[in-house]
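Observations on the three-dimensional arrangement
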Amino acid sequence: MNKTDFLLVGVGGQGVLTASDIVAEVGMALGLDAKKSEIHGFSQRGGIVDSHVRWGARVAAPMGEKGNIDYLLAFELMESARWVEYLKSGGAVIVNRQRIIPLSASAGDAVYPPDEAIAQVLCARTDRVIYVDGLEIAKGLGNKNLANTVLLGALARELGVDPEIFLDVLVKRVPQKYVEENKQAFWKGIGK
Amino acid sequence: MKRLLSGNEAIALGAHLAGVKYASAYPGTPSTEILEHLAKYPGVRAEWAPNEKVALDAVAGASYAGGRALASMKHVGLNVASESLFYLAYTGVNAGLVIISADDPGAWSSQNEQDNRQYARFAKVPMLEPADSQEAMDYLARAFDLSEQFDTPVIVRTTTRISHSKSVVDVPAGNGHEPRALKAFARDGAKYVMIPANARRRHPVVEARLKQIAEWAETAPLNQIEWGDKKFGIVSSSVAYQYAREVFDGYSFLKLGMSYPLPEKMIREFAAQVERVVVVEELDPFYEEHIRAWGIPAVGKEYFPILNEFSLAVVREGARKLGVPQPEPAPASPAFQQAIARPPAFCPGCPHRSTFYVLNKLKLRVAGDIGCYAIGVLPPFNAMDTLGCMGASIGVVQGVDGVGANVGKERWVAVIGDSTFFHAGMPALANIIYNRGVSTVLILDNDTTAMTGQQENPGTGTTLQGQPTKKIDIEQVVRGMGIVDVFVVDAFDEPAVEATIKKAVAIADRPTVVIAKGPCVFLPDYPPKYIDEVDAVKCNGCSLCFRVGCPAIFKGELDAKTEKPKAVIDPLLCVACDICLQICPREAIYRVGN
């Protein structure tokens with residue numbers, strides 16, 4: 001497989017970093033070199049989280065570059081639009097419909113952009129826009145923390161990677177009692 | 001076995017494999033996880049020190065007494081520990097001693113972008129720089145060997161992108177760890193006791209050692225030439241090398257694993273064989289200045305910025321200017337103008353919220369410090385006037401006092417956290433007490449080192465390795481130092497916080513300390529079992545509760561009379577700290593069972 005660049009974005013607390021660990025480890029499980037990179041610390045107190053993952057025969061730089069990302073996985077609706085310029089033309093963006101309203105809007109004067117504006121900017125970049133009701137599906141399974149697993153399912157489908165390889169990696173990262181519900185969430189994301 | 005490890009995890013593993021017996025650190029992004037991971041390995045005693053200088057002195061002691069020892073810190077931590085670094089350069093070591101300096105190009109979590117390669121030259125000690133996690137693990141063993149071979153402390157420098165990126169590491173089977181016996185300590189005052197007469201005699205030893213290490217570096221496998229097209233010869237290290245590797249694909253490379261001292265002969269030979277030497281390094285022109293000082297024409301900072309961290313795009317831009325063809329950037333889609341900011345905020349339930357609400361309300365001048373409470377500078381609080389480094393707050397207010405500016409309506413207070421107080425606040429408080437200062441110091445005691453991820457500290461009663469220990473009581477410390485007016489207040493009681501701060505700043509002829517106590521919301525014993533809710537009938541949209549800057553409070557429907565948005569509290573985010581409830585003038589917020 002040629003080099004594949006991923007960018008996972010969301011808001012602190014959504015499980016973006018765990019998900020990017022899993023994507024990187026799936027790359028390894030496929031026999032590829034993999035790297036991932038993100039920032040922890042001050043900027044993450046309620047802030048944006050962005051994590052790069054790269055697969056390839058040999059990966060040097062730990063981060064992909066603007067305009068060259070193959071898969072954008074957005075855990076939050078507005079973040080999909082903020083980061084879509086990183087996507088290469090024809091890349092895929094997988095969007096969780098969940099909205100997390102920042103303090104600048106909840107207490108300040110900023111306005112959270114309307115759905116149409118977000119849809120417009122995504123469609124201007126690519127035809128491959130995949131919306132996922134991650135939070136709703138997760139709530140349906142009885143645990144709102146499963147949203148990131150649903151999104152990983154959707155990613156696995158877009159990638160065309162053997163779901164069992166994804167699941168193997170996923171299961172190793174999850175405490176035993178949550179394995180079954182994570183599997184269900186993953187298959188929901190795949191669409192089965 | 002192949003594993004995906006962060007640079008910090010790999011450093012901890014490398015230190016374990018090298019048989020490190022003692023490790024000490026103060027938490028600081030991006031270095032924190034090194035000790036957290038190392039603490040879990042058998043055979044090592046790993047400790048949080050109150051500050052980096054104390055950590056390095058303890059590590060010096062461990063090395064003198066014969067055990068391999070590691071100190072780790074963020075770049076600015078090495079400023080604090082620098083006095084110890086400089087004497088260690090003279091005394092040398094007994095067992096191997098390694099210092100990790102985790103730099104932060106981009107200042108993602110720091111007050112500056114200093115380049116700690118300069119410390120290696122300044123203190124005349126060797127420095128290694130891994131470029132990925134595999135090297136991070138491998139270089140630790142080399143660093144300890146080098147330390148013992150040349151009787152010197154060794155610095156291993158990472159950056160945020162090395163410490164926090166994950167890459168594949170070939171982990172040795174088993175635990176690969178050989179226990180090492182202590183090397184006997186031989187009394188040797190001429191080496192270990194740096195009175196002036198001995199220091200003068202050690203200086204030539206330091207200079208000679210540096211020459212020997214530079215000679216060793218000429219053939220050390222740490223520095224490697226990868227021949228390619230000789231039109232360009234790239235000199236690079238650390239993560240900059242990884243970007244350059246992709247951007248200057250096919251050209252010749254000199255990859256430096258040792259950033260100081262540099263292999264002059266090797267660089268000369270490399271330069272002689274390529275048409276153009278290009279130095280690709282983040283931050284300062286450290287290699288470039290060395291290379292040019294040797295009379296070798298090299299370019300660097302004209303093409304690659306001195307500011308901020310690098311990326312593929314940044315290195316590509318420099319390469320393009322050098323005439324190296326690069327793929328055209330994908331057509332830019334306009335940035336999404338409607339995306340709104342997500343500024344960092346105090347978490348719902350944060351004990352700091354009440355203090356900053358009050359500081360804003362009372363319009364006090366605030367000398368701030370390093371910790372989550374730096375968020376107090378942002379709206380809606382706008383309650384911080386200065387912030388420099390660990391412990392600076394208390395020092396700064398004494399100077400404000402000293403020029404007679406801490407009076408009347410311009411009353412200043414210092415704000416500092418519990419871990420930061422132990423780090424560098426105590427000497428500054430002694431300064432106020434000793435020099436007849438009259439400032440008010442607010443110690444925000446959340447019972448943890450919160451900003452770096454809830455690490456233990458001398459006030460928490462637990463060690464890094466989970467042992468119960470004496471919990472140092474800040475109130476007793478402050479009283480013992482001589483503060484008579486010490487006010488301890490519940491941080492979750494806004495009216496009490498307000499009354500207490502007013503009372504403290506009203507005392508104008510002697511120093512006062514307010515300790516606002518309340519646990520960080522991430523601690524397991526965080527109390528609330530309820531949530532707060534807004535009574536939509538009572539709420540008239542007065543908007544006062546928006547001034548507590550809580551991510552759980554949202555603007556809802558407009559009030560019919562005032563035409564202003566009523567408050568709504570998100571039950572998923574609220575943890576019922578009750579600060580909004582306490583300040584609501586219409587008693588429209590109340591607790592409900594969760």
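Rules and cut-offs
- By convention here, each chain's residues receive numbers from 1 onward along its written sequence.
- The lettering of chains begins at A and the numbering of ligands begins at 1, in the order of writing.
- Given that the model is predicted, a residue must reach a pLDDT of at least 70 before its local features are reported, and side-chain atom pairs must reach 80 or more before they are shown or counted; all residues, however, enter totals for whole chains, interfaces and linings.
- Calculated side-chain values reflect all of the structure's heavy atoms, with hydrogen atoms and water omitted.
- Boundaries between domains were set according to an automatic or database domain assignment.
- Pairs of strands are assigned from DSSP output, requiring at least two bridges between the strands.
- Secondary structure elements follow DSSP: runs of H or I no shorter than four residues count as helices, runs of E no shorter than two count as strands, and numbering proceeds from the N terminus.
- An axis is simply a line fitted to the C-alpha atoms; with a helix, the fit covers only the stretch in contact. Between two such axes, the angle follows the N-to-C directions and lies from 0 to 180 degrees.
- Residues are treated as being in contact if the distance between any of their heavy atoms lies within 4.5 Å.
- Buried area: the accessible area, evaluated with a 1.4 Å probe, that two parts lose upon being put together, summed over both parts.
- In the sections that follow, a salt bridge refers to a side-chain nitrogen of Lys or Arg positioned within 4 Å of a carboxyl oxygen of Asp or Glu.
- Whenever a nitrogen or oxygen atom comes within 3.5 Å of another N or O atom, the pair is scored as a polar contact, on the condition that within protein one atom can donate a hydrogen and the other can accept it, and that pairs from neighbouring residues in sequence are kept only if both atoms are in side chains.
- Note that Gly is not counted as nonpolar here; it falls among the polar residues with everything else outside the nonpolar set of Ala, Val, Leu, Ile, Met, Phe, Trp, Tyr, Cys and Pro and the charged set of Asp, Glu, Lys and Arg.
- Burial classes: relative accessible area under 20% of the type maximum marks a residue as buried, over 50% as exposed, and values in between as partly exposed (1.4 Å probe, protein chains only).

So, about the domain arrangement of chain B. Each assigned domain of chain B is listed here: domain 1 (2-217), domain 2 (224-321), domain 3 (353-517) and domain 4 (530-593). For domain 2 of chain B and domain 4 of chain B, the distance between their C-alpha centres works out to 57 Å.

Attention shifts here to the sheet that holds strand β1 (residues 2-6) of chain B. Across the sheet, which stays open at both edges, the eight strands sit in the order β6(A)-β5(A)-β4(A)-β1(A)-β3(A)-β2(A)-β8(B)-β1(B) with mixed pairing between neighbours. At either end of the open sheet lies a strand with only one pairing partner, and these are β6 (128-132) of chain A together with β1 of chain B. When strand polarity is set aside, the average angle formed by the axes of neighbouring strands in this sheet is 25 degrees. Judged from the four bridges that link them, strand β1 (residues 4-11) of chain A and strand β4 (residues 69-74) of chain A form a sheet pairing that is parallel. Each residue of the ladder has a partner; that of L8 of chain A, found in β4 of chain A, is L73 of chain A. Here helix α6 (residues 147-159) of chain A sits on the sheet in contact with β1, β3 (48-56), β4, β5 (87-96) and β6 of chain A, set at roughly 145 degrees to β5 of chain A. Contacting β1 and β8 (166-170) of chain B, helix α7 (residues 133-150) of chain B runs over the sheet at an angle of about 50 degrees to β8 of chain B.

Turning our eyes to something else, we now look at the interface of chain A and chain B. Between chain A and chain B, the residue contacts involve 57 residues of the former and 57 residues of the latter. Roughly 4,600 Å² is buried in total at the junction of chain A and chain B, and carbon and sulfur atoms are behind 60% of that figure. For the pair chain A and chain B, the number of links is seven salt bridges. In this structure, E246 of chain B and R54 of chain A form a salt bridge, with 2.6 Å as the shortest nitrogen-oxygen distance. The tally of links from chain A across to chain B stands at 14 residue pairs in polar contact (both at pLDDT 80 or more). Among the secondary structure elements, those contributing two or more residues to the side of chain A that touches chain B are α1 (16-29), β2 (33-38), β3, α2 (77-83), α3 (103-106) and α4 (115-125) of chain A. In terms of residue count, the dominant contributor to the side of chain A that touches chain B is β2 of chain A (six residues). When its residues are assigned to classes, the side of chain A that touches chain B shows 27 nonpolar, twelve polar and 18 charged.

It is worth spelling out the pattern of salt bridges at this point. Should their charged atoms come close, side chains of opposite charge can pair. This model, assessed by the stated rule, comprises 49 salt bridges over all chains. For R245 of chain B, the salt bridge goes to E226 of chain B, with nearest N and O atoms at 2.1 Å. Of this pair, R245 of chain B sits in helix α11 (residues 238-247) while E226 of chain B sits in strand β9 (residues 224-226), and the two are 19 residues apart along the sequence. Given a relative accessible area of 16%, R245 of chain B falls into the buried group. Connected via shared salt-bridge partners are D21, E25, K36, E38 and R173 of chain A together with K166 of chain B.

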